[in-house]
Amino acid sequence: MKGALIGCGFFAQNQMQAWQAIDGVRITAICDRDPVRLAETAARFGVARTYADAGAMLAAEDLDFVDIATTVAAHRPLVEAAGQAGLHAICQKPFAETMADARAMVEAMDRAGRTLMVHENFRWQAPVRAAIMALRGGAVGRPFFGRFSFRSGHDVFSGQPYLATDPRFIIQDLGIHILDIARAALGDATRLAASTARINPAIRGEDVATILLDHAGGATSVVDCSYATRRQPETFPQTLIEVEGSAGTLRLDAGYRLVIQRDGAAEEIRDVAPPLLPWATPPWHNIQHSVQVIQQHFVDCLRGGGTPETSGQDNLQTLALVEAAYASAAAGSRIALP
């Protein structure tokens, strides 16, 4: 199976490493408008065919899929170009700048009869996945409350400086992941209320957000995110989870400990730490492992004809939560989801 990578930036290096570890898949061409970044990535991963223009690459190469790892403004034209070329696509998050763009991308790939998946990898992190699967297996009965928390003081701006200049920051870049985890664990939301703050004066967007969600199944959850939290030990990049249900409680604690207690019985404690892949580096190894897992899922769906769990269609629901959170924070009101 032959693929091409579009965008050779900071996070795309993880995607290239993961593609090399998946059997029967080869990235045969890469594209980036930055010639230095393009040359460095080509040399690092031994890719001979390089392009500065994505259209030229799609016209010249014999491909099965494209991995779109650019910033969000380029996603719609690239996804639509992939569909027109008859290619499957995996697209980096955030999927789109607007809901209209997101729907257009999904429709374009549907018309082409090709698979579109969003690289929404947090729900594929080994510890988060263990918690989600335990909940889906009835570990706490019927959930009625959840908290999904990511709080850190880690410097994310040195590797991705554009994050400091965007008017939208933590909800669009990080909260989107945590909202998606809440959806995966407790189901789609019907209403939300959000508040935001900017603590770091050197950035343009918000770096703290708290979001209250009502879920269709009857549960209530809190999603809280911060890149302004100064504490030790630093838990980056761990998502912490608490869920209470009719039959017990579940916690994903710092240090990758999954704790389940049912009806007052003794706690069941599992070590759900992610494996350290040969190319991974702590503390990023949790995210890096999930990149390989989600890309393997994409390939398995292409081979087996299945629909990816984080398909473009599914991600419309996560993107709707992001848009509603910004609207709620701006208006100071509770927002109903369609």
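Criteria and thresholds
The numbering scheme is per chain: residues are counted from 1 as the chain's sequence reads. The predicted origin of the model limits local features to residues at a pLDDT of at least 70 and limits the giving and counting of side-chain atom pairs to 80 or more, whereas totals for whole chains, interfaces and linings rest on all residues. Hydrogens are left out, water is left out, and the side-chain values use all remaining heavy atoms of the structure. With a 1 Å grid spanning the protein atoms alone, the term cavity applies to any set of points in which a 1.4 Å probe fits but cannot get out, the term pocket to an open set with protein on both sides within 12 Å along at least five of seven lines, and the term lining residue to any residue with an atom within 4 Å of a point. Grid points are joined across faces, edges and corners, and a volume is the space filled by probe spheres set on the points. Counting from the N terminus, the helices are DSSP H or I runs at least four residues long and the strands are E runs at least two residues long. In this classification, Asp, Glu, Lys and Arg are treated as charged, Ala, Val, Leu, Ile, Met, Phe, Trp, Tyr, Cys and Pro as nonpolar, and every other residue, Gly included, as polar. To sort residues, take the accessible area from a 1.4 Å probe on protein chains only and compare it with the maximum for the residue type: under 20% means buried, over 50% means exposed, and anything in between is partly exposed. As used here, the arc is the angular range of directions from the helix axis to the C-beta atoms. What makes two residues a contact is simply this: any of their non-hydrogen atoms within 4.5 Å. For the purposes of these results, a polar contact is taken to be a pair of N or O atoms within 3.5 Å, where, inside protein, one atom must be able to donate a hydrogen and its partner to accept one; residues adjacent in sequence count only when each atom of the pair is a side-chain atom. Any two strands are treated as partners once DSSP identifies two or more bridges connecting them. Only buried Ala, Val, Leu, Ile, Met, Phe, Trp, Tyr and Cys residues count toward a nonpolar core, and they belong to the same one when joined by side-chain atoms within 4.5 Å. Boundaries of every domain are those given by an automatic assignment or by a domain database. Orientation is described by lines fitted to C-alpha atoms, with helices fitted over the stretch in contact, and by angles between N-to-C directions that extend from 0 to 180 degrees.

Per an unreviewed UniProt entry, the protein goes by the name Gfo/Idh/MocA family oxidoreductase and belongs to Paracoccus liaowanqingii.

Undergrad: Looking at this structure, how should I read the layout of surface pockets?
TA: Take a probe with the size of a water molecule and roll it over the atoms, and the empty space left behind shows itself. Roughly 1,100 Å³ of internal volume is contained in the largest pocket. Taken together, 47 residues make up the lining of the largest pocket; nearest its centre are Ala69, Thr70, Thr71, Gln92 and Tyr162. Counting only elements with at least two residues in the lining of the largest pocket, the list comes to helix 1 (12-20) and helix 7 (170-186). Here the lining of the largest pocket gets 4 residues from one element, more than from any other, and that element is helix 7. A breakdown of the residues in the lining of the largest pocket according to their chemical character gives 27 nonpolar, 11 polar and 9 charged.

Undergrad: For this particular structure, what's the right way to read helix 2 (residues 35-45)?
TA: Every α-helix winds through 3.6 residues per turn, so residues three or four apart in the chain are directed the same way. Here helix 2 has its buried residues at Leu38, Thr41, Ala42 and Phe45. On an axial view of helix 2, the arc spanned by its buried residues comes to 100 degrees, and they lie on one face. Facing away from the buried side of helix 2 by more than 90 degrees, the exposed set consists of Val36, Glu40 and Ala43. Looking at the buried residues of helix 2, the elements they touch are helix 1, strand 2 (26-31) and strand 3 (49-51). Regarding helix 2, its N-cap is Asp34, as a side-chain oxygen of that residue lies 3.0 Å from the backbone nitrogen of Val36 further along. One or two positions beyond helix 2, positive phi appears at Gly46, with a value near 65 degrees.

Undergrad: Explain helix 4 (residues 75-84) to me, please; I cannot follow it from the model alone.
TA: Restricting attention to buried positions, one finds in helix 4 the residues His75, Leu78, Val79, Ala82 and Gly83. Buried residues in helix 4, looked at end-on, bunch into an arc of 140 degrees, giving them a common side. In helix 4, the exposed positions angled more than 90 degrees off the buried face are occupied by Pro77 and Gln84. Contact partners of the buried residues in helix 4: strand 1 (2-6), helix 3 (54-60), strand 4 (65-68), strand 5 (88-92), helix 5 (99-112) and strand 6 (116-119). Positioned one or two residues after helix 4, Gly86 has a phi angle of 75 degrees, which is positive.

Undergrad: In this structure, what is going on with the pairing of strand 13 (residues 257-262)? I would like to understand it.
TA: Walk down a regular strand and you will see the side chains alternate between the two sheet faces. Where strand 12 (residues 248-253) meets strand 13, 6 bridges bridge the pair, whose relative direction is antiparallel. Note on strand 13: the bridge partner recorded for Asp253 is Arg257. With 4 bridges joining them, strand 13 and strand 14 (residues 268-271) adopt antiparallel strand pairing. Its bridge partner lying in strand 14, Leu258 is registered against Arg270. The antiparallel hairpin formed by strand 13 and strand 14 contains 5 residues in its connecting segment, where Asp263 sits at a positive phi of about 50 degrees.

Undergrad: How should I be thinking about the nonpolar core in this particular structure?
TA: One broad trend across soluble globular proteins is that nonpolar side chains are buried collectively. In terms of nonpolar packing, the biggest core is built from 88 residues, with Val66, Phe148, Ile178, Val223, Ile241 and Leu250 touching the most fellow members. When residues of this core are sorted by domain, at least three fall in each of domain 1 (2-118) and domain 2 (122-281 + 311-336). Setting aside its immediate chain neighbours within four residues, Ile178 contacts Phe122, Phe148, Ser149, Phe150, Val223, Cys225 and Thr239. With 22 residues, the next largest nonpolar core counts Val25, Ile30, Phe65 and Trp124 among its residues.

Undergrad: Quick question: what am I supposed to make of the side chain of Ser149 here?
TA: Its location among the elements puts Ser149 in strand 7 (residues 143-151). Within the structure, Ser149 has its side chain in polar contact with the side chain of Asp224 (distance 2.7 Å).

Undergrad: I would appreciate a short explanation of the sheet that holds strand 11 (residues 240-245) in the present structure.
TA: Note on sheets: strands pair through backbone hydrogen bonds, and any given pair is parallel or antiparallel. Taken in spatial order, the 9 strands of this open sheet run 14-13-12-11-7-10-9-8-15, and their pairing is mixed. The open sheet is flanked by strand 14 and strand 15 (335-336), the only strands paired with a single partner. Across 5 bridges, strand 11 lies against strand 12 in antiparallel orientation. Paired with Glu244 across the two strands is Thr249, which belongs to strand 12. The sheet strands contacting helix 6 (residues 126-136) are strand 11, strand 12, strand 13 and strand 14, and the helix crosses strand 12 at an angle near 170 degrees. Taken strand by strand, helix 9 (residues 312-331) contacts strand 8 (189-197), strand 9 (208-215) and strand 15, and its axis lies near 55 degrees from that of strand 8.

Undergrad: I would appreciate a short explanation of empty space enclosed by the protein in the present structure.
TA: Under the definition given, this model contains 1 cavity of 30 Å³ or more. Roughly 40 Å³ of volume is contained in the largest cavity. Taken together, Gln125, Pro127, Val128, Gln238, Thr239, Leu240, Leu252, Asp253, Tyr256 and Asn286 make up the full set of residues lining the largest cavity.

Undergrad: Please clarify how the sheet that holds strand 1 should be interpreted in this entry.
TA: Strand order in the open sheet made by the 6 strands is 3-2-1-4-5-6, with parallel pairing throughout. Edge positions in the sheet fall to strand 3 and strand 6, since each of these pairs with one other strand and no more. Here the strands of the sheet are splayed against their neighbours by 25 degrees on average, with no regard to which way each runs. Bridge count for strand 1 against strand 2 is 5 bridges, and the pairing is parallel.

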